[in-house]
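Observations on the three-dimensional arrangement
These are the residues of each chain, in order.
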Amino acid sequence: MGFVNPLFSQNFEVQVKDFKTKDPIPYAVMLFGKEGSAADANGKAILEIRAGFRGEIHVKALGYRDTIIPATLLKPVPAKNIFLLQQQNHQLQEVVIKPGKVIQVGHNKENPILNSRCHLKPGYQVGLLMKTPYKETAFLKDVSFYITHHGNLAPFRIRIYEISEDGLPGKDILTQTLLFSPHKRRSWNSVNIQEYEILVPENGLIVAAEWIFTDSSYYLIDSAGNLKYGASIGLGYDKSFADYYMYYLNDKWRKENWSAYTRKSPTPMIRASVITAK
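Model, not experiment: these values are computed from the prediction.

A word on the side chain of arginine 271. Examined against the element boundaries, arginine 271 turns out to sit in strand β24 (residues 270-276). By relative accessible area, which is 8% here, arginine 271 ends up buried. Polar side-chain contacts of arginine 271 include one of 3.0 Å to the backbone oxygen of histidine 107. For arginine 271, the side chain forms a polar contact with the main-chain oxygen of lysine 109, separated by 3.0 Å. In contact with arginine 271, not counting residues within four places along its chain, are Gln104, Val105, Gly106, His107, Asn108, Lys109, Glu110, Met130, Asp142, Val143, Ser144 and Trp188.

In structure tokens:
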């Protein structure tokens with residue numbers, strides 16, 4: 001571990017827990033100033049706070065209310081830095097799935113552009129819009145991600161969002177933590193999520209991959225000398241898509257489009273199978 005000059009910054013160990021049960025909340029994200037940090041499976045994280053920072057720490061976790069903690073409350077003793085979050089109340093929609101036809105939505109290419117991929121760090125996300133043709137009523141059957149050879153097979157978290165009024169990812173539709181461990185590189189990797197009974201809204205939904213920290217052995221240095229983590233998702237050309245969505249630590253969701261630079265827009269290779277209602 002490197003030396004931290006207290007004149008410039010100080011490291012604080014924190015843990016995020018459930019307000020009622022006091023159980024750790026895994027993979028929470030903490031945003032402060034222009035920085036951010038992601039918790040591990042035990043809800044623990046290290047916050048490097050610059051000297052003199054008296055702002056707020058915004059704590060976000062799947063299934064919990066966003067919480068704001070004044071940075072001035074941080075203590076040098078880790079046991080005192082416990083962030084307690086309250087669960088959100090989710091009204092589950094009762095759905096009945098009847099066998100119908102299965103349709104593939106999302107990215108339709110089988111292979112990525114050579115050496116083109118999306119490879120990020122814990123707390124970052126990438127997502128793609130999934131929409132059924134003709135606004136048919138449908139339920140998600142499975143979701144798939146193309147994993148390239150540039151990363152490793154670290155697990156990541158699957159996030160599924162409503163589309164908000166501004167066209168960006170909105171509320172979580174999948175309100176439970178769903179970890180997915182890819183099994184093969186240079187290949188599409190799929191997971192069945194039919195048990196969650198997710199209805200595809202008329203305007204579609206966004207399926208995203210969130211990089212999460214599970215073990216330091218999954219860090220690696222890419223060919224450009226940049227520190228990366230975990231699996232790498234392929235990018236490919238698909239005329240059906242020009243935009244995709246990126247979330248960086250301490251930033252809002254952004255809609256990305258590379259066509260202004262490349263005349264084409266490579267998008268993350270994410271797809272889903274849906275079951276249409278009879």
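Now that the structure has been shown, the text picks up again.
For the rest of this paragraph, the subject is the packing of aromatic side chains. Aromatic rings considered in pairs are described by the distance between their centres and by the relative angle of their planes. Counting across every chain of the model gives eleven aromatic pairs. Centroid distance phenylalanine 156 to phenylalanine 180: 5.6 Å. Interplanar angle 90°. Geometry classified as edge-to-face. Of this pair, phenylalanine 156 sits in strand β12 (residues 156-163) while phenylalanine 180 is found in strand β14 (residues 179-180), placing the two residues 24 residues apart along the sequence. The burial state of phenylalanine 156 is the same as that of phenylalanine 180; both residues are buried. Aromatic side chains phenylalanine 213 and tyrosine 219 sit 6.1 Å apart centroid to centroid with 35° between the ring planes, which places their arrangement in the tilted category. Looking at phenylalanine 213, the relative accessible area reads 23%, which means it is partly exposed.

Cut-offs used in this document
Residues numbered from 1 in each chain as written. Predicted model: local features only at pLDDT ≥ 70, side-chain atom pairs only at ≥ 80, totals over all residues. Heavy atoms only, no water. Helix = DSSP H or I, 4+ residues; strand = E, 2+ residues; numbered from the N terminus. Buried < 20%, exposed > 50% of the residue type's maximum accessible area, 1.4 Å probe, protein only. Polar contact = N/O pair within 3.5 Å; in protein donor to acceptor, adjacent residues only side chain to side chain. Contact = heavy atoms within 4.5 Å. Phe/Tyr/Trp six-rings, centres within 6.5 Å; stacked < 30°, edge-to-face > 60°.

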